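Here's the letter readout for the chains.
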Amino acid sequence: MVGESTVHSGEKPYTCSVCGRGFSQSSGLSKHKCSQNGEKPWKCGDCGKGFNYTSELENHQRVHTGERPFTCSECGKCVKSSQELSAHQRVHTDERPFRCCHCGSGFKTLSVLTVHQRIHTGEWPFSCSLSVGRGLFTHAIC
């Protein structure tokens, strides 16, 4: 019963031989190995897209069914996942949990923080022959 007792103790006796990451349960290590080797054993019956976890497949299937089981208590908006609901609720709270390590600015989503940090790092991972400036929002339209 090693897996049961380690969940709450913080002990992580199951270790990935590739990256060294530890897990409290063997099932966590098994799932992690699938994500590392590119194996996606859970397939969508509608479109064939593969996923590492059953929960990811369940969330994805809502794209096909249109189901939106999570409802915002503030405005009634319905969304597909608890993660999407948490992100949406920041509209109402103005919570900005993602902080820039360079200037301290706060952002509501990690993706917006990532784009912002390019101001500091100078990283521009996308290139386009039509681009007229360094900024993300400067683009020539032909």
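This write-up is about the structure you can find in this document. (Residues numbered from 1 in each chain as written. Predicted model: local features only at pLDDT ≥ 70, side-chain atom pairs only at ≥ 80, totals over all residues. Heavy atoms only, no water.)

1. Re helix α4 (residues 82–93)
Note on helix geometry: an α-helix contains 3.6 residues per turn, so any two residues three or four positions apart are oriented the same way. Applied cut-off: The secondary structure listing takes helices from DSSP runs of H or I that are at least 4 residues long and strands from runs of E that are at least 2 residues long, numbered from the N terminus. Each helix should span, by expectation, one fewer than its residue count multiplied by 1.5 Å. Contact criterion: two residues are considered in contact whenever any of their non-hydrogen atoms come within 4.5 Å of each other.
Between its first and last C-alpha atoms α4 spans 16 Å; for 12 residues at 1.5 Å apiece the expected length is 16 Å, and the two agree. In this structure, the buried side of α4 is in contact with β5 (70–71), β6 (78–79) and β7 (98–99).

2. Brief notes about the pattern of salt bridges
Opposite charge on two side chains allows them to pair when their charged atoms are near. Applied cut-off: One side-chain nitrogen of Lys or Arg within 4 Å of one carboxyl oxygen of Asp or Glu is enough to make a salt bridge. Throughout, exposure labels follow a simple rule: accessible area from a 1.4 Å probe, protein chains only, divided by the maximum for the residue type, with under 20% read as buried, over 50% as exposed, and the rest as partly exposed.
Taken as a whole, this structure holds 4 salt bridges when the rule is applied. Taking the shortest distance from any N to any O, the salt bridge between Arg90 and Glu95 comes out at 4.0 Å. Of the residues examined, Glu95 reaches a relative accessible area of 42% and is grouped as partly exposed. Salt bridges here are not isolated pairs; linked through shared partners, they connect Asp94, Arg96 and Lys108.

3. A closer look at helix α3 (residues 54–65)
For α3, spanning 12 residues, the distance from its first C-alpha to its last is 16 Å, which sits close to the expected 16 Å at 1.5 Å a residue. Taken together, the buried positions of α3 are occupied by Leu57, His60 and Arg62. As for α3, its buried residues are in contact with β3 (42–43), β4 (50–51) and β5. Two residues or fewer after α3 comes Gly66, characterised by a positive phi angle close to 80 degrees.

4. Section: the side chain of His60
Note the threshold: Any pair of nitrogen or oxygen atoms within 3.5 Å is treated as a polar contact; in protein, a donor-acceptor pairing is required on top of that, and neighbouring residues in sequence qualify only through side-chain atoms on both sides.
Relative to the assigned elements, His60 resides in helix α3. Residue class for His60 comes out buried when judged on its relative accessible area of 12%. Side chain to side chain, His60 and His64 meet in a polar contact 3.1 Å long. Not counting residues up to four positions away in its chain, the partners in contact with His60 are Cys44, Cys47, Lys49 and Phe51.

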